[in-house]
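Structure at a glance
Here is how the chains run, residue by residue.
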Amino acid sequence: VERLAFSALFRMDKDANVLGVEFGRSVIRSREALTYEQAQNRIDAARKIAKKGKAGGDDTAASLVRLAALAEKLRAKRVQDGALTLASPEVRFELQAETNDVTDVKLYQVRETNKMVEEFMLLANVHVARRILQQFPSCAMLRRHPKPTDEMFAPLLKTAAAHGLALDTSSSRALNDSLNAVQNSRGASDPYLSTLLRILTTRCMSQAVYCSAGHVSAPEYLHYGLAAPVYTHFTSPIRRYADVIVHRQLQACVGYSALPESLYDSKRMQALADVVNERHRAAQFASRASIALHTLLLFRQRGTVTQTARVMRVMSNALVVLVPKYGIEGVVKLDDSRQPQFDQAQQLVRCNADGRVFRSLDTISVVVSVDEAPERRDRVVFELADP
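Residues numbered from 1 in each chain as written. Predicted model: local features only at pLDDT ≥ 70, side-chain atom pairs only at ≥ 80, totals over all residues. Heavy atoms only, no water.

Next up on the list: the overall build of the protein. Of the regular secondary structure elements, the protein holds eight helices and 14 strands. Projecting the C-alpha coordinates of the protein onto the three principal axes gives extents of approximately 75 × 60 × 45 Å. Out of the 387 residues belonging to the protein, those deemed buried represent 42%. Contacts in the protein between residues at least 24 apart in sequence constitute 62% of all its contacts with a sequence separation of at least 6. Surface exposure of the protein reaches about 21400 Å², of which carbon and sulfur atoms provide 51%. When the 52 positive and 42 negative side-chain charges of the protein are each reduced to one mean point, those points stand 4 Å apart. (Helix = DSSP H or I, 4+ residues; strand = E, 2+ residues; numbered from the N terminus. Buried < 20%, exposed > 50% of the residue type's maximum accessible area, 1.4 Å probe, protein only. Contact = heavy atoms within 4.5 Å. Areas by Shrake-Rupley, 256 points an atom, 1.4 Å probe, with all protein chains shown as cover. Lys, Arg positive; Asp, Glu negative; His and termini not counted. Charge placed at Lys NZ, Arg CZ, Asp CG, Glu CD.)

Take a positive patch on the surface next. A cluster of basic residues, Lys-48, Lys-51, Lys-52 and Lys-54, forms a positive patch on the protein surface. Tracing the sequence through the fold places Lys-48 in helix α1 (residues 36-51). Lys-48 sits in the exposed class, given a relative accessible area of 59%. (Patch = residues over 30% accessible without salt bridge, like charges linked within 9 Å, V, L, I, M, F, W, Y side chains within 5 Å. Salt bridge = Lys/Arg side-chain N within 4 Å of Asp/Glu carboxyl O.)

Moving on: unusual backbone geometry. Even without glycine at this site, Ala-227 takes up a positive phi of about 55 degrees. Here Ala-227 shows up in the loop between β6 (209-212) and α7 (241-253). If you check the backbone angles, Gln-339 has positive phi at about 55 degrees while not being a glycine. Following the sequence through the fold, Gln-339 ends up in the loop between β9 (328-333) and β10 (340-343).

Here the focus is the sheet that holds strand β11 (residues 348-351). Here we have three strands laid out as an open sheet, ordered β10-β11-β12, and antiparallel in their pairing. The open sheet has two edge strands with one neighbour each: β10 and β12 (356-359). Geometrically, the sheet is characterised by an average inter-axis angle of 20 degrees between neighbouring strands, direction not taken into account. Where β11 and β12 come together, four bridges link them in antiparallel fashion. For Arg-350, the partnering residue across the bridge sits in β12 and is Val-357. (Pairing = 2+ DSSP bridges. Axes fitted to C-alpha atoms, helices over the stretch in contact; angles between N-to-C directions.)

Before going further, it helps to examine the packing of aromatic side chains. What the rule picks out here adds up to four aromatic pairs. On the basis of an interplanar angle of 90 degrees and a centroid distance of 5.4 Å, the ring pair of Phe-299 and Tyr-326 is categorised as edge-to-face. Here Phe-299, found in helix α8 (residues 266-302), pairs with Tyr-326, found in the loop between β8 (318-323) and β9; they are 27 residues apart in sequence, far enough to count as distant. By the burial criterion, Phe-299 is buried, and Tyr-326 matches it. Three or more aromatic residues joined by ring pairs form one cluster here, namely Phe-6, Phe-234 and Tyr-256. A cation sits over an aromatic face here: Arg-25 above Tyr-256, 4.3 Å from the ring centre. (Phe/Tyr/Trp six-rings, centres within 6.5 Å; stacked < 30°, edge-to-face > 60°. Lys NZ or Arg CZ within 6 Å of the ring centre and 35° of its normal.)

With that settled, consider the environment of Asn-317. Summarising the element assignment, Asn-317 is placed in the loop between β7 (305-314) and β8. A relative accessible area of 44% places Asn-317 in the partly exposed class. Remark: the alpha-carbon pair of Asn-317 and Phe-342, spanning 25 residues in sequence, is separated by 7.7 Å.

In structure tokens:
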């Protein structure tokens, strides 16, 4: 099947250095349609054959292997420049085919092929941002991610220090190196600790936002998480309106069509960016509500479940916990009968009634169930399991 596209075409050497880039309309004729899992299986099979010194595989598999190798080098360059490797507990619900009943929830598995596609998308977005900014310095649609302040990192640093961990937040590269050091030193004894810290690091930051280039100064174009001086969204026009605007700007850059006069106005472009940012936040709220609903439906069927959880945050009378198996979060309330005493400096809460102490990042057991009451909406509740 032939599909019309607007492409960024890169010429690279074997070390993933970009030798040239062209933007233009194209026709894509796919040889195969592969899921991330299928593509990963093809790559793994081709590598096994190569290790045995045998010839085999097919052109598609060979191309995937070469792309994966280039993506790994691109990722190494980004990390060297200061890009952060962060995490978020993304979940995937499984539904019964005939009834659409929720049957299970699992953490979304990120494969090498996911990362491979991500690298080339990031590369295209960066180069498109440079091109439209060069042509339209006052109205290019960019995506910026402000650098977090020291105050924003304070909760993370307190939590890490309570466990004897030192994180350097002086720069994105220093922070990433610190997180990697935790993985190297504690990964064997606590494999999930590094992931947990990366989730908490993500939550210290403000969200990335769209902006008009003329609305902020050049240093504010920075995308902190990606360590990119200038960045935009180009690769997903079928699901993001910002990408549609960027496509129009890029088409004007390469001479396919003139940019509408209204899009030359920096103030109007910023107003458009503000609307897109608002819609993006609304979509996030809808996604969270969907996850909450499907979680409720799942545990309504399963009944009461006891699971291992990690403490994300301690408060004076509650614990915010994450259940890694399901990727879901909840609040465990500590009622007055437990006599909780909060120590903010040590990031812990001590229950004087039974002597139990809970700190951020601790591993605990929780009971997950559905609380049903006729006078209000059903909800998923989390309680401490008996020690």
